[in-house]
Amino acid sequence: MTMMMRVSLLGLLWAATCSSAFVPQAQAARRPASWQYRAPSQFQFQFQFRMGASTASTEEASTYSAVALQSSVQELKKVLAKEYMSFFSPMRTEYYSPGVTFLDPMTTLEGVEGYQKNVDMLASRTTLGKFLFQDALINLHSVEGGTTNIVNGVPKIEDLQTRWTLKVTAKVFPWKPTAVFTGVSIYKVEATGPKGVQVVGQLDYWDSINIQPGSEGKYQSVPTNVAVQDFVGQLKPPTFGGNAQAAGPELPFSLLRRGDGYDVRRYPAYTAVRLPYTRRDEGFGSLGSFTRGMNPMAPALMEVPTKEEANKYMMWPLTFVAPGQEKEGGAP
């Protein structure tokens, strides 16, 4: 963003070397001829500027601007992590541009208010949301990107990327199906706003539909009806091809990726009964006889070697280690 400071030639030179995050355009025209700027305390530095004199050289000012910009981006990453953890309650709207755009495979929104209303609906914080949904949850797996640079006085910020898992239960149906989405969000960030940086755009991709065959794992846009079909398919009753519930207790896991016909899961450390098998029905029978009275958990885990002469193995989990109770080396 270009800043217009109508003070003097020296003032123009100073403005060209500093990040636009420091002097919002709307305030620049109202600056008096002599003023002092104090940067946020976490940056641990000060700027002082007066007509006809400067306490920092052009080179030092550029260095300070780069440090401040990087600090602002790091703070934004922390804010995003907290928002995901709390399902955007509260949503730090000062970190979003008033005209922020949001685009996912099924929804297009513009403006902070529309953005926040959509989140509040999923989280059952609106009247409609309370009728439709319950137990909304976002697990944040990573926040990456955000490298900063200042080129010829212009701040450059690399896109941020978050990886997440979203779950929401549709309580409006008697069988209360849970829809699960995994994917990434790409945040377009600019050096502006009261906190030094703001999100001006967010683009979401779902692993289940946006990774196309032959794309080498790259995300691509798809028609809206593909996203609708993916969502509706998860809402069907189990008898009509929906997500069936496990018959017994299941080994807990974190869903890292829900792809097209496959899942990537993270399981805790566990103990299991492991037996070789030739045919799958024989494997289930052998494990059933061996674990009688032990209450094994789902799912059945299978090892299928690449060499034909090697044995295949089937396992049933018996116990698992709760978070925080792992022994050294991760053993149960």
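Data block above holds the structure.
Every value quoted in this text rests on a predicted model; they were computed, and no experiment measured them.

## Here's the deal with helix H7 (residues 224-233)
Okay, step 1: Every buried residue belonging to H7 is among Ala227, Asp230 and Phe231, and all of these are buried. Take H7 and look down its axis: the buried residues cluster within an arc of 95°, on one side only.
Okay, step 2: Contact partners of the buried residues in H7: strand S10 (178-190), strand S11 (198-206), helix H6 (207-210) and strand S12 (254-258).

## Re the sheet that holds strand S16 (residues 312-320)
The strands that make up a sheet pair up through hydrogen bonds in the backbone, lying either parallel or antiparallel.
Okay, step 1: Across the sheet, which stays open at both edges, the 3 strands sit in the order S14-S16-S15 with antiparallel pairing between neighbours. The sheet is open, and its two borders are formed by strand S14 (270-277) and strand S15 (301-303), each paired with just one other strand. Strand after strand, the sheet turns through a mean of 30° between neighbouring axes, direction not considered.
Okay, step 2: The pairing of S15 with S16 spans 3 bridges and is antiparallel. Bridge pairing in S16 places Leu301 opposite Met315.

## Re unusual backbone geometry
Okay, step 1: Looking along the chain, the bond that leaves Ser89 and enters Pro90 is cis, with omega of 10°.
Okay, step 2: One non-glycine residue, Ser124, lies in the positive phi region at around 65°.
Okay, step 3: Tracing the backbone through its elements, the reader meets Ser124 in the loop between helix H4 (112-122) and helix H5 (127-132).
Okay, step 4: Under the relative-accessibility criterion, Ser124 is labelled buried at 18%.

## Some points on a nonpolar patch on the surface
Okay, step 1: A grouping of Met106, Val228 and Val232 is seen on the molecular surface, where their side chains present a nonpolar patch of about 200 Å² in accessible area.
Okay, step 2: As for its position among the elements, Met106 is in the loop between strand S4 (96-103) and strand S5 (108-110).
Okay, step 3: The partly exposed category is assigned to Met106, whose relative accessible area is 31%.

Procedures and definitions
- Residues numbered from 1 in each chain as written.
- Predicted model: local features only at pLDDT ≥ 70, side-chain atom pairs only at ≥ 80, totals over all residues.
- Heavy atoms only, no water.
- Buried < 20%, exposed > 50% of the residue type's maximum accessible area, 1.4 Å probe, protein only.
- Helix = DSSP H or I, 4+ residues; strand = E, 2+ residues; numbered from the N terminus.
- Arc of directions from axis to C-beta.
- Contact = heavy atoms within 4.5 Å.
- Pairing = 2+ DSSP bridges.
- Axes fitted to C-alpha atoms, helices over the stretch in contact; angles between N-to-C directions.
- Patch = residues over 30% accessible without salt bridge, like charges linked within 9 Å, V, L, I, M, F, W, Y side chains within 5 Å.
- Areas by Shrake-Rupley, 256 points an atom, 1.4 Å probe, with all protein chains shown as cover.
- Salt bridge = Lys/Arg side-chain N within 4 Å of Asp/Glu carboxyl O.

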